[in-house]
Amino acid sequence: MTQATLADTNTGNVRMTAGERAGIPPRRMDFEFSEETNRYWYGNSAFLTTFWTTLSSLFPEGETFFVDSVKNYRGIIKDPLLKAQVSGFIGQEAMHSKEHEAFNNMAAKHGFPADKLDKELGVMLRFVRKVVPKKMQLAATVALEHYTAILAEQLLRDERHQQMIKDPEALKLWMWHALEENEHKIVAYDVYQLAGGGYFLRTFVMLITTVLFFAIVGVNHARLLWADKSLFKFKDNWKGITFLWGWKGLFPQLAGKYLDFFRPGFHPNDHDTVALLDEWRHKMLDEGGMLADQIKNPSRAAKSTAAA
Ligand SMILES: [Fe+2]
Ligand SMILES: [Fe+2]
């Protein structure tokens with residue numbers, strides 16, 4: 001496991017934020033999506049585009065919930081490094097919510113009601129906040145952060161995804177989000193451990209979360225396909241199902257990493273992504289990189305000084 005350390009508070013004339021010092025720098029983005037964005041931006045496939053759009057529809061409310069569940073425990077954190085990592089995590093997730101909201105509004109203009117699905121999730125999560133114990137809410141965040149980290153790692157590692165995303169702005173959004181999910185993947189987990197969260201609750205909540213996650217994604221995906229009048233295009237949909245669930249499909253490839261979570265003593269850093277993230281930071285943030293002109297706080301583009 002790579003141990004993160006806090007970097008110096010100053011680099012040249014630029015004063016670093018806590019998140020930057022911990023190697024989890026919130027990067028301000030302002031992607032531009034419009035009706036011009038390719039309608040079937042993922043592989044020219046209605047099935048796969050609506051699948052990823054379904055995930056996107058869960059992010060604004062879902063990631064706000066993640067942030068709140070970690071904030072509930074901010075008071076018990078004394079370690080300066082973990083405090084800084086939490087700041088970085090909150091900043092990154094807030095930015096993801098904002099940009100996916102913009103993406104969902106674009107999808108809505110194409111007739112996919114992603115904004116509506118987001119609002120519905122918000123209602124459900126407000127209820128969860130009221131009735132579910134805070135430790136369990138944090139455990140759910142740990143479980144879902146595991147999902148996002150392994151899915152995001154796959155997006156970065158498997159070039160097929162990068163080739164399938166046909167819209168340049170959408171490609172930037174998904175790769176930027178994938179990078180940052182892995183930069184902050186340990187934060188909720190470490191806060192959970194500090195809060196005294198144990199193995200039984202973590203794995204029990206993971207099982208419940210898995211069932212709920214696939215139920216919600218499955219139903220909402222079908223609703224987006226219905227809205228697109230593509231629900232009964234069996235041949236095209238079968239191709240998409242094979243891409244996700246077939247031999248060498250997205251989910252079977254993630255199975256081993258998903259199951260790692262059930263190992264006692266598992267920690268997100270057991271999945272070593274240090275070199276992968278370095279490679280992508282260069283690819284995206286260096287001069288001429290995919291995000292070099294996009295990032296709104298370029299001085300903080302994040303040559304990470306602390307390993308996440
Ligand atoms: Fe995120
Ligand atoms: Fe996250």
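Residues numbered from 1 in each chain as written. Chains lettered and ligands numbered in written order. Predicted model: local features only at pLDDT ≥ 70, side-chain atom pairs only at ≥ 80, totals over all residues. Heavy atoms only, no water.

Colleague: Can you lay out the overall build of the protein chain for me, pointing to particular residues and giving the numbers?
Modeller: Of the regular secondary structure elements, the protein chain holds twelve helices and two strands. Ordered by position from N to C terminus, the α and β elements of the protein chain give β-β-α-α-α-α-α-α-α-α-α-α-α-α. Relative to the globule expectation of 19 Å for 308 residues, the C-alpha radius of gyration of the protein chain, 19 Å, shows essentially globular dimensions. Along the first, second and third principal axes, the C-alpha atoms of the protein chain reach 55 × 45 × 35 Å. A burial count over the protein chain gives 55% of its 308 residues as buried. For the protein chain, the share of sequence-separated contacts (at least 6 apart) that also reach a separation of at least 24 residues comes to 81%. In the protein chain, the 37 positive side-chain charges and the 36 negative ones have mean positions that sit 5 Å from each other. (Helix = DSSP H or I, 4+ residues; strand = E, 2+ residues; numbered from the N terminus. Rg over C-alpha atoms; globule rule 2.2 N^0.38 Å. Buried < 20%, exposed > 50% of the residue type's maximum accessible area, 1.4 Å probe, protein only. Contact = heavy atoms within 4.5 Å. Lys, Arg positive; Asp, Glu negative; His and termini not counted. Charge placed at Lys NZ, Arg CZ, Asp CG, Glu CD.)

Colleague: Provide a residue-level description of the coordination of the iron ion (ligand 1), including the pertinent values.
Modeller: All of the protein donors around the iron ion (ligand 1) are Glu63 (OE), Glu63 (OE), Glu93 (OE), His96 (ND1), His177 (NE2) and Glu181 (OE); their distances to the metal are 2.0 to 2.5 Å. Bound by six donor atoms, the iron ion (ligand 1) shows angles of 55 to 167° at the metal and therefore irregular coordination geometry. The motif formed by the donor residues of the iron ion (ligand 1), counted along the single chain, is E-x29-E-x2-H-x80-H-x3-E. (Donors = N, O, S within 2.8 Å, 3.2 Å for Na, K, Ca; no water. Tetrahedral: all angles 85-135°; square planar, octahedral: opposite > 155°, others 65-115°.)

Colleague: Describe a nonpolar patch on the surface, listing the residues and the values that go with them.
Modeller: A grouping of Phe200, Phe204, Ile208 and Leu212 is seen on the molecular surface, where their side chains present a nonpolar patch of about 400 Å² in accessible area. With respect to the secondary-structure elements, leucine 212 resides in helix α9 (residues 199–227). With a relative accessible area of 44%, leucine 212 lands in the partly exposed category. (Patch = residues over 30% accessible without salt bridge, like charges linked within 9 Å, V, L, I, M, F, W, Y side chains within 5 Å. Areas by Shrake-Rupley, 256 points an atom, 1.4 Å probe, with all protein chains shown as cover. Salt bridge = Lys/Arg side-chain N within 4 Å of Asp/Glu carboxyl O.)

Colleague: Explain the packing of aromatic side chains residue by residue, including any values.
Modeller: Considering all chains together, one arrives at 27 aromatic pairs under this definition. Geometrically, the ring pair formed by tyrosine 42 and tryptophan 52 is tilted, given 5.5 Å between the ring centres and 35° between the ring planes. Here tryptophan 52 lies in helix α2 (residues 46–71) and tyrosine 42 lies in the loop between α1 (18–21) and α2, a separation of ten residues in the sequence. Judged by relative accessible area, which is 1%, tyrosine 42 ranks as buried. On the numbers, 5.7 Å between centres and 55° between planes, the contact of phenylalanine 214 with tryptophan 245 is tilted. (Phe/Tyr/Trp six-rings, centres within 6.5 Å; stacked < 30°, edge-to-face > 60°.)

Colleague: Pulling in residues and values, what's your account of the side chain of histidine 146?
Modeller: Here histidine 146 shows up in helix α5 (residues 134–157). A relative accessible area of 6% places histidine 146 in the buried class.

Colleague: Please set out the nonpolar core residue by residue, giving values where relevant.
Modeller: Trp52, Leu55 and Trp174 are the most contacted members of the largest nonpolar core, which has 78 residues in total. It is α5 that provides the largest number of residues to this core, a total of twelve residues. The contacts of tryptophan 174, once residues within four sequence positions are left out, are Trp41, Trp52, Leu55, Ser56, Phe59, His100, Phe103, Leu155 and Ile165. In this structure, Ala107, Phe112, Ala114 and Leu224 belong to the second largest nonpolar core, which totals five residues. (Core = buried A, V, L, I, M, F, W, Y, C linked by side-chain atoms within 4.5 Å.)

Colleague: Which residues make up the coordination of the iron ion (ligand 2), and what values go with them?
Modeller: Looking at the iron ion (ligand 2), the protein donor atoms are Glu93 (OE), Glu145 (OE), Glu145 (OE), Glu181 (OE), Glu181 (OE) and His184 (NE2), and they sit 2.0 to 2.8 Å from it. Counting the intervening residues between successive donors of the iron ion (ligand 2) yields the motif E-x51-E-x35-E-x2-H. Between the iron ion (ligand 2) and the iron ion (ligand 1) the interatomic distance amounts to 3.8 Å, and glutamate 93 serves as a bridging ligand to the pair. Taken together, the positions of glutamate 145 in helix α5 and histidine 184 in the loop between α7 (168–183) and α8 (187–194) put the pair 39 residues apart, joining distant regions of the chain. Exposure remark for glutamate 145: the relative accessible area of 3% places this residue in the buried category.

Colleague: Describe the UniProt feature "transmembrane region" (unreviewed entry) in the protein chain, listing the residues and the values that go with them.
Modeller: The feature "transmembrane region" (unreviewed entry), as annotated in UniProt, sits at residues 199–219 in this numbering. Regarding residues 199–219, the helix share stands at 100% and the strand share at 0%, and the terminal C-alpha atoms are separated by 30 Å. (UniProt positions renumbered as here; feature names shortened; annotations may be inferred.)

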